[in-house]
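Analysis of the macromolecular model
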Amino acid sequence: MFGNMDRRRRVPRTDAVLADSRLVEAGGRLGRSVVKAAVAAAQERARQGEIAPEEVADAAVKALPARAASLRPVVNATGVLIHTNLGRAPLSAAAVEAMTAAAGSADVEFDLATGARSRRGRGTLAALASAVPMAQDVHVVNNNAAALVLVATALAAGREIVISRGELVEIGDGFRIPDLLASTGARLREVGTTNRTSVRDYADAVGPATGFVLKVHPSNFRIEGFTGSAEVPELTGLGVPVVVDIGSGLLAREPLLPAEPDATTMIEAGADLVTASGDKLLGGPQAGLLLGRCDLVERCRRHPLARALRVDKLTLAALEATLRGPVPPVRRALHADPAVLERRATALAGRLARAGIDALGVPSEAAVGGGGAPGVLLPSAAVSLPERFAVPLRTGDPPVVGRIEGAQLLLDLRAVPPERDDDVARAVLAVAEVVG
Ligand SMILES: *Cc1c(COP(=O)(O)O)cnc(C)c1O
């Protein structure tokens, strides 16, 4: 074999490796610095004797990332439909296509017919307005937290927001709605108790300093037992605006989730403004929806803060396609027929078992997740595998993320689009080659 010095001398020079046609092509696609880093790493491996000097170009090509950005697409087999750690709602193909079309120069504030400037987001706002005809006006911001900040700033800065103690919700990752509201300079006037708040409690607190009454849907927990809260119709007679944060983004009633509030029903019940997320049960991109009385929406839209919270063209495109286009994946998963899920799990497990893998189709229970519909379990079906498959599947390509139950790895199929079953099978077969 070669000595250390000799090996180092034979490692090809950077410019020679970079001239490899595959790496030239990759430089155009991923950027030169990414390619250079892969080459440098491969050269170092050759210096250490891990690979032969003539293998440097091949090793660099193999080590290149698939994309210029580090986020990787994942198969969500957790059984949690809206998984916050996995990017909440997956977009429909129509929304993805709309985003791609908008990604370059696009007529976001330009009327191609007249050549004049036009209203930003007009198509998206029209789609949202027609999805909720009860709303006099609509507006879209970055997320629901931004919608709440905008409403609090525009309608209650230096004044009071009256809110039930039972609705002082932490939305996740340590962020709390009361802190968010207080950060705007509005004062929170807490009424009632954790488990019970009456109209009387609100009425006693409302006065000249009141900006609005806020109802927050406790979307990620449930209180049971001796409870009571004042509902929207009872609060409309207090002489101040009633703002309802519904969270999930349901625009109309969803029979499968009777306890989840929706924008149409809330406005019918007398809510003056409704705020919601775009990337939960609506199934679209991260966005905050504001729907309701035109004077209040207009005050929010005209507030200087609105400029800091405005959405980009990609969000506008994806949201419009979600509202007007085919049923998005979250809704498809929500409405998936349990019998079909069972057939898919049986077929998938059968295919794996025939390859000698210890796989079984089993009944499972899925959840809405993403801080929505707490306590609602959706009948589902899963492929059960030995637990040792979990890590290699999660770190494979594509990563398949399931959930551990007992000593088994369950790949729940409710949140997996049916057209991905084949990818799941191939990922498991590839892992089986390694872990047996
Ligand atoms: C999820 C949620 C929020 C936060 O919404 P984002 O879109 O994540 O900012 C606020 N309020 C309620 C009730 C929620 O469920």
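Residues numbered from 1 in each chain as written. Predicted model: local features only at pLDDT ≥ 70, side-chain atom pairs only at ≥ 80, totals over all residues.

Looking at the environment of leucine 150
With respect to the element layout, leucine 150 can be found in helix α8 (residues 144-156). Those residues within four positions of leucine 150 in sequence are excluded, and the remaining contacts are Val141, Cys300, His303, Leu305, Ala306 and Leu309. (Helix = DSSP H or I, 4+ residues; strand = E, 2+ residues; numbered from the N terminus. Contact = placed C-beta atoms within 7 Å.)

Some details on the sheet that holds strand β14 (residues 403-405)
For sheets, the rule is that strands pair by backbone hydrogen bonds, running either parallel or antiparallel. With antiparallel pairing, four strands are arranged side by side in an open sheet as β11-β12-β15-β14. The sheet terminates laterally at β11 (360-367) and β14, the two strands that pair on one side only. Across the sheet, the mean angle separating the axes of adjacent strands is 45 degrees when strand polarity is ignored. Where strand β12 (residues 377-386) lies against strand β15 (residues 408-412), five bridges are found, and the strand directions are antiparallel. Residue pairing for β15: leucine 385 is matched across the bridge by leucine 409. (Pairing = 2+ DSSP bridges. Axes fitted to C-alpha atoms, helices over the stretch in contact; angles between N-to-C directions.)

Considering the domain arrangement of the chain
As assigned here, the chain comprises domain 1 (4-63), domain 2 (75-84 + 332-435) and domain 3 (92-327). A straight line from the C-alpha centre of domain 1 to that of domain 2 covers 38 Å. (Domains from an automatic or database assignment.)

Here's the deal with the packing of helix α6 (residues 93-102) against helix α15 (residues 313-324)
The geometry of α6 relative to α15 is characterised by a closest axis approach of 8 Å and an angle of 150 degrees between their N-to-C directions. Relative to α15, α6 is oriented roughly antiparallel. Note that α6 runs across α15; the crossing there is right-handed. Within the contact between the two elements, α6 uses Ala94, Ala95, Ala98, Met99, Ala101 and Ala102 and α15 uses Lys313, Leu314, Ala317, Ala318, Glu320, Ala321 and Thr322. Counted by class, the contact of α6 with α15 contains 10 nonpolar, one polar and two charged residues. (Parallel < 35°, antiparallel > 145°, perpendicular 65-115°, else oblique. Left-handed = near helix turned anticlockwise from the far one by under 90°. Nonpolar A, V, L, I, M, F, W, Y, C, P; charged D, E, K, R; others polar.)

Considerations on helix α19 (residues 421-435)
Taking 1.5 Å per residue as the helical rise, α19 with its 15 residues ought to reach 21 Å, and the 21 Å between its terminal C-alpha atoms agrees with that figure. For α19, the full list of buried residues reads Val424, Ala427, Val428 and Val431. For α19, the angular spread of buried residues about the axis comes to 95 degrees, placing them on one side. Across from the buried face of α19, at angles greater than 90 degrees, the exposed residues are Asp422 and Glu433. The elements touched by buried residues of α19 are β1 (75-76), α17 (338-354), β12, α18 (390-394), β13 (400-401) and β15. Trailing α19 by a residue or two, glycine 436 shows a phi angle of about 75 degrees, which is positive. (Expected span 1.5 Å × (residues − 1). Buried ≥ 20, exposed ≤ 12 C-beta atoms within 10 Å, placed from the backbone. Arc of directions from axis to C-beta.)

Things to note about the site of the ligand
Near the ligand, the surroundings consist of 12 residues, among which Asn143, Asn144, Ala145, Gly247 and Ser277 are the closest. Of all the elements in the fold, those that place two or more residues in the shell around the ligand are α8 and β8 (242-247). Its residues placed into classes, the shell around the ligand shows three nonpolar, eight polar and one charged. (Near = placed C-beta within 6 Å.)

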